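So you can see what is in the structure, the chains are spelled out below.
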Amino acid sequence: MTEFDFGLGESVALLRRTVRDFASELIAPRAAEIEASQSFPRDLWPELGALGLLGITVETEHGGNGLGCLEHVVAMEEISRASPAVGLAYGAHSGLCVGQIRRWGDERQKRTYLPALISGQHVGALAVAEPEGGSDIAGLRLQAELRGSHYLLNGRKVWVTNGPEADVIVVYGRTDERAGPPGLTAFLVEKGFSGYRIGPVRKMLGMHGAAACELIFDDCRVPVENVLHEPGKGLEVLQSALDEQRVVLAGGPLGIMRAALDMLLPHVRQREQFGQPIGAFQLMQARLADLYTSLNASRAYVYGVARAHDRGQSVRHDAAGCLLFASERATQCALQLMQAFGGEGYGEDLPAARLLRDAKVYEIAVGTSDMSRLLIGRGLFETSDE
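Residues numbered from 1 in each chain as written. Predicted model: local features only at pLDDT ≥ 70, side-chain atom pairs only at ≥ 80, totals over all residues. Heavy atoms only, no water.

### Topic: the side chain of lysine 110
Relative to the assigned elements, lysine 110 resides in helix α6 (residues 107-119). Put simply, lysine 110 is tucked away with no salt bridge, and the nearest opposite charge, on glutamate 107, sits 4.5 Å away. Residues contacting lysine 110, with those up to four places away along its chain left out, are His62, Ile101, Arg102, Gly105 and Pro115. (Helix = DSSP H or I, 4+ residues; strand = E, 2+ residues; numbered from the N terminus. Buried < 20%, exposed > 50% of the residue type's maximum accessible area, 1.4 Å probe, protein only. Lys, Arg positive; Asp, Glu negative; His and termini not counted. Salt bridge = Lys/Arg side-chain N within 4 Å of Asp/Glu carboxyl O. Contact = heavy atoms within 4.5 Å.)

### Quick look at the layout of surface pockets
Put simply, the largest pocket is a space of about 1,200 Å³. Taken together, 41 residues line the largest pocket, and the ones lying closest to its centre are Ile364, Ala365, Val366, Gly367 and Thr368. Contributing elements (two or more residues each) for the lining of the largest pocket: α5 (84-104), β1 (124-127), β3 (150-161), α7 (234-249), α10 (316-341) and α13 (369-383). Its residues assigned to classes, the lining of the largest pocket comprises 26 nonpolar, nine polar and six charged. When contributions to the lining of the second largest pocket are tallied by element, the ones reaching two or more residues are α1 (10-26) and α9 (282-310). (1 Å grid on protein atoms, 1.4 Å probe; cavity = no way out; pocket = protein on both sides within 12 Å on 5 of 7 lines; lining within 4 Å. Points joined across faces, edges and corners; volume = space filled by probe spheres on them. Nonpolar A, V, L, I, M, F, W, Y, C, P; charged D, E, K, R; others polar.)

### Brief notes about the packing of aromatic side chains
The final tally for this structure, using the stated rule, is seven aromatic pairs. Residues phenylalanine 4 and phenylalanine 6 carry aromatic rings whose centres are separated by 4.9 Å and whose planes lie at 75 degrees to one another, so their mutual orientation is edge-to-face. The class for phenylalanine 4 is partly exposed, based on a relative accessible area of 49%. When the ring of tyrosine 151 is compared with that of phenylalanine 187, the centres are 5.1 Å apart and the planes differ by 65 degrees; the resulting orientation is edge-to-face. With tyrosine 151 in strand β3 and phenylalanine 187 in strand β5 (residues 184-190), this pair connects stretches of sequence that are 36 residues apart. Comparing tyrosine 151 with phenylalanine 187, the two get one shared label, buried. What links up through ring pairs into an aromatic cluster is the set Phe4, Phe6 and Tyr303. (Phe/Tyr/Trp six-rings, centres within 6.5 Å; stacked < 30°, edge-to-face > 60°.)

### As for the side chain of threonine 331
Within the fold, threonine 331 resides in helix α10. A polar contact of 2.5 Å, which involves the side chain of threonine 331, links it to the side chain of glutamate 363. In this view, threonine 331 contacts Leu356, Ala359, Lys360 and Glu363; residues no more than four positions away in its chain are not counted. (Polar contact = N/O pair within 3.5 Å; in protein donor to acceptor, adjacent residues only side chain to side chain.)

### A few points about the nonpolar core
Core analysis: the largest hydrophobic core is formed by 69 residues, its most contacted members being Leu53 and Val247. No other element matches α9, which puts nine residues into this core. With sequence-adjacent residues up to four places away left out, leucine 53 is seen in contact with Leu15, Val19, Leu48, Ala75, Ile79, Tyr90 and Ser94. Val58, Tyr113, Tyr151 and Val222 belong to the second-largest nonpolar core, a separate cluster that totals 45 residues. (Core = buried A, V, L, I, M, F, W, Y, C linked by side-chain atoms within 4.5 Å.)

### What to know about the pattern of salt bridges
Applying the stated rule across the entire model yields 22 salt bridges. One salt bridge connects arginine 102 with glutamate 59, and the closest N-O pair in it is separated by 3.1 Å. Here glutamate 59 lies in the loop between α3 (44-50) and α4 (69-82) and arginine 102 lies in helix α5, a separation of 43 residues in the sequence. In this structure, arginine 156 and glutamate 214 form a salt bridge, with 2.6 Å as the shortest nitrogen-oxygen distance. Of the two residues, arginine 156 sits in strand β3 while glutamate 214 sits in strand β7 (residues 212-223), which places them 58 residues apart along the sequence. On the accessibility criterion, glutamate 214 (13% relative accessible area) is buried.

### Observations concerning the environment of serine 298
Structurally, serine 298 is set in helix α9. What makes serine 298 buried here is its relative accessible area of 0%. Residues serine 298 and alanine 330 lie 32 residues apart in sequence; the distance between their C-alpha atoms is 9.1 Å. Every residue in contact with serine 298, bar those within four places of it in the chain, is listed here: Leu254, Met257, Phe325, Ala326 and Arg329. In terms of polar contacts, serine 298 uses its side chain to reach the backbone carbonyl oxygen of serine 294, at 2.8 Å.

### What about the packing of α4 against α9?
At a minimum axis distance of 7 Å, the contact between α4 and α9 shows a crossing angle of 145 degrees. Where α4 approaches α9, its residues Cys69, Leu70, Glu71, Val73, Val74 and Glu77 are matched on the opposing element by Arg299, Val302, Tyr303, Ala306, Arg307, His309 and Asp310. Considering only residue class, the contact of α4 with α9 consists of seven nonpolar, one polar and five charged. (Axes fitted to C-alpha atoms, helices over the stretch in contact; angles between N-to-C directions.)

### Here's the deal with the pairing of strand β2 (residues 143-147)
Examined bridge by bridge, β2 and β3 share five bridges and lie antiparallel to one another. Counted as the bridge partner of arginine 147 is histidine 150 from β3. Remark: two residues form the turn of the hairpin made by β2 and β3, two consecutive strands paired antiparallel; glycine 148 in that turn has positive phi of roughly 70 degrees. (Pairing = 2+ DSSP bridges.)

### Focus: α10
Its 26 residues place the ends of α10 38 Å apart at the C-alpha level, agreeing with the 38 Å of an ideal helix rising 1.5 Å per residue. Just downstream of α10 lies glycine 342, where phi reads positive at about 65 degrees. (Expected span 1.5 Å × (residues − 1).)

### What to know about the pairing of β5
Consecutive residues of a regular strand have side chains that alternate between opposite faces of the sheet. Where burial is concerned, most of β5 is hidden: six out of the seven residues are buried. Alignment of strand β4 (residues 168-174) against β5, held across seven bridges, turns out to be antiparallel. What sits directly across from tyrosine 172, in β5, is alanine 186. With two bridges connecting them, β5 and strand β8 (residues 227-228) associate as antiparallel partners.

Following this line, the structure appears as structure tokens:
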């Protein structure tokens, strides 16, 4: 299929080809096995590190590639095209963990944590949501009490992607119960800290290779030097991180839509009914057109917001908007793929069903579609002229 040229430049095109070749050779052949075994492919992490993808936006002086949000999106898209689950695990590591350390860490924290995360020796994660909820950031309840040279963390985090494997986790806790959102603080927690343990692994509808679990903090001792940014500045850290990472994670739905086309195009040529390929029927051609236009409309929005971020523009509303737009269209494309495959699409162990299960998570993770609509609508209302 001829790809539409979005004018992203030769360096981005080269990156896309490099990641696509890597993912086609080392990830795509294992996608079904990763799904069936529900196992995290940790052996891929050093490979991703060697390719420079785990620290893609980290400055070169700290061992990264010093590239931008756009390149991060393209890498996320091509990995997700091969396996949405590996793509989600990659995004949680490279964006939600490494990205926050890169943006807010001090020199000691960067020297301590980034090398092993960038090389793939270590796996990173982000822990925000709690049993009582995740969208209400001001309502987070994990307690962080200062005791001399350490904080003691007490509470639970849930739905932590990469949690079972993570060596380094960015954790949000409350250091001032009376202060509301300003009472939140971000911490860098290592899996070996006393009082930290991994809880039950959650069985999810999809994304079976990106394991999510509960994390339990029982007087978990975190050194004061592991506060990310400053005490009480956790909301600032989280909001700035989400502005960029919503854009990066929007590459996941892009990869899912491209994977749907990868499956459907050969199917409509090879599958015959009534003496001709089903691709000759206008209804099937309409499905192809819907998938193609949904993919490219989503790409245009996501790439545009990524470029704006790289130019230093504020993208809060459009970061939520491009993820909202792409995620909902990815789910619809997966549904259309399943419909086109008929009975073969409904089999639980078949690729079409896997894409549908995987696509739905992007309407929930990193802020539900409902919360994205509230964020966008409220922002437009508050900033519009009379």
